[in-house]
Structures are given as C-alpha cells and as structure tokens.
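Examination of the molecular architecture
Below, each chain spelled out in residue letters.
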Amino acid sequence: FIFGLIWFFIPNNLHTLFTKGELSNATCMIFIPLVFFYTYRWLYERRKVSDAVGIVLSEFLISLCSVHMAVLVLISLLIFSVIYALIFKHVEALSVVLLAGLSGILLFGFWIYPSVCGDDSSAYSTVTMERYFQDIAVSLNPFYRINGNDSHYYFGMAVMAVTLFGIIASKKESRVGFICAIVLF
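Parameters at a glance
Residues numbered from 1 in each chain as written. Predicted model: local features only at pLDDT ≥ 70, side-chain atom pairs only at ≥ 80, totals over all residues. Heavy atoms only, no water. Patch = residues over 30% accessible without salt bridge, like charges linked within 9 Å, V, L, I, M, F, W, Y side chains within 5 Å. Areas by Shrake-Rupley, 256 points an atom, 1.4 Å probe, with all protein chains shown as cover. Salt bridge = Lys/Arg side-chain N within 4 Å of Asp/Glu carboxyl O. Helix = DSSP H or I, 4+ residues; strand = E, 2+ residues; numbered from the N terminus. Axes fitted to C-alpha atoms, helices over the stretch in contact; angles between N-to-C directions. Parallel < 35°, antiparallel > 145°, perpendicular 65-115°, else oblique. Left-handed = near helix turned anticlockwise from the far one by under 90°. Contact = heavy atoms within 4.5 Å. Nonpolar A, V, L, I, M, F, W, Y, C, P; charged D, E, K, R; others polar. Buried < 20%, exposed > 50% of the residue type's maximum accessible area, 1.4 Å probe, protein only. pLDDT = per-residue confidence, 0-100. Phe/Tyr/Trp six-rings, centres within 6.5 Å; stacked < 30°, edge-to-face > 60°.

**A look at a nonpolar patch on the surface**
Residues Phe1, Ile2, Phe3, Leu5 and Ile6 make up a contiguous nonpolar surface patch of about 660 Å² in total accessible area. Inspection of the secondary structure assignment puts Ile2 in helix H1 (residues 2-8).

In structure tokens, the structure reads:
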C-alpha cells in the first residue's frame, strides 16, 4: 500500500494523469511495477514459472493500454537484465526475462502491426522519438514543467540524488536498479 502511494504520487505520474489527461499512459503506470516485481522475483528469489508468466501477462496488459509504453518497458527490462547478468554472471536469467517480456508484447501482435505501420501519422515518428533524447540540464530542470512546458521529459533532481546515493551506498543486489536508472537517464 505504501509503495503504491509513493508510485502514484511521483510527479511524472501525476502529471500524466491530471495535466496531460492521457488515460492510456496512466493505466500503463499501474502495470509497470508488476513487470518489475515479477522480474525481481525471477532474478533474485525463486525462478518459478509463475514469475515468468507474470512478466508475460504484465507486459501484455501494458501493450493493451499503449504499445509505445510496452516497448519502453521492454527496453528498460533489457537494460536491467543486462546489468544484472554482468554483475551476477547469470546469462540464462537474462534470456528468460527478455523472452517473457517480448512474448507479452507479441501476444498483442494483432494490434501492434497496424498501430506501428498505420497511416504515416503514427506516434512513432522521428519527431516524437527526438524528444526522448535531450540535454541533462533539461532533464533535471524542474522549472520547465512548472512553467507548463510539456515538450520535455523531467527525470527529477530528487530521483537523481536518490539514484546516485543508491549507487554509492547500496548492496550489490539493489545496485542493479540504480545503475539501470542512470543508464535510462
């Protein structure tokens, strides 16, 4: 419950729901923690089939809401799993997580092809993709978002401070997530 409240009150999640009003992306944010919960359980705890199925179903639910977000989550899973495989030398765990995430998206394949290859007015244009790569100062500047500038993605100075502190002070197991956050940044 506490982690759910924290996740809901992350400024970017609130911004997506209340300022932009994008219900599909806001709904995706419900399932993103599930993907990483099942990934964590697969990599660190049990390695049971139910965890791999949880990754597939969570990624499928994200795909139902937004193919765009599902691909971004899959890229995040890839980065997280590669860092885990490099630190812990468990390459087989990497392959299962990636296959499960990809399978979740492919279950929704009947909609992926038309949504990506549609009518050339797709949301996956190069203009849209250019907004994902920006200067570090822009990603950390809260005044862009406060002044109503929606064209930039805000990573957050508090998140960056927690991430840097986590890399320095965390144990080997949790350091993977902090390194992944820096790579995504």
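Having put the structure on the table, let's press on.
**What to know about the packing of helix H3 (residues 23-45) against helix H4 (residues 49-65)**
Contact geometry for H3 and H4: axes closest at 8 Å, N-to-C directions at 165°. Classified by the angle their axes make, H3 and H4 are roughly antiparallel. The interaxial crossing formed by H3 with H4 has left-handed handedness. Packed against H3, whose contacting residues are Ser24, Thr27, Cys28, Phe31, Ile32, Leu34, Val35, Tyr38, Thr39, Arg41 and Trp42, the element H4 presents Val49, Ser50, Asp51, Ala52, Gly54, Ile55, Ser58, Glu59, Leu61, Ile62 and Cys65 at the interface. Its residues assigned to classes, the contact of H3 with H4 comprises 13 nonpolar, six polar and three charged.

**Examining the pattern of salt bridges**
Side-chain pairs of opposite charge can arise whenever the charged atoms involved come near each other. In the structure shown here, the tally under the stated rule is one salt bridge. Arg41 is the partner of Asp51 in a salt bridge, and the nearest nitrogen-oxygen pair spans 2.8 Å. Here Asp51, found in helix H4, pairs with Arg41, found in helix H3; they are 10 residues apart in sequence, far enough to count as distant. Accessibility assignment for this pair places Asp51 and Arg41 in one class, buried.

**Some points on the confidence of the model for the protein**
Of the residues in the protein, 75% reach a pLDDT of 70 or more, and the chain-wide mean stands at 77. Here helix H8 (residues 126-130) is the element of the protein with the lowest mean pLDDT, 52, and H4 is the one with the highest, 89.

**Some words on the packing of aromatic side chains**
Applying the stated criterion to the full structure yields six aromatic pairs. Their ring planes at 80° and their centres at 6.3 Å tell us that Phe36 and Phe80 sit as a pair that is edge-to-face. With a gap of 44 residues between them, Phe36 in helix H3 and Phe80 in helix H5 (residues 67-88) connect regions that are remote in the sequence. Residue Phe36 is classed as partly exposed on the basis of its relative accessible area, which comes to 27%.

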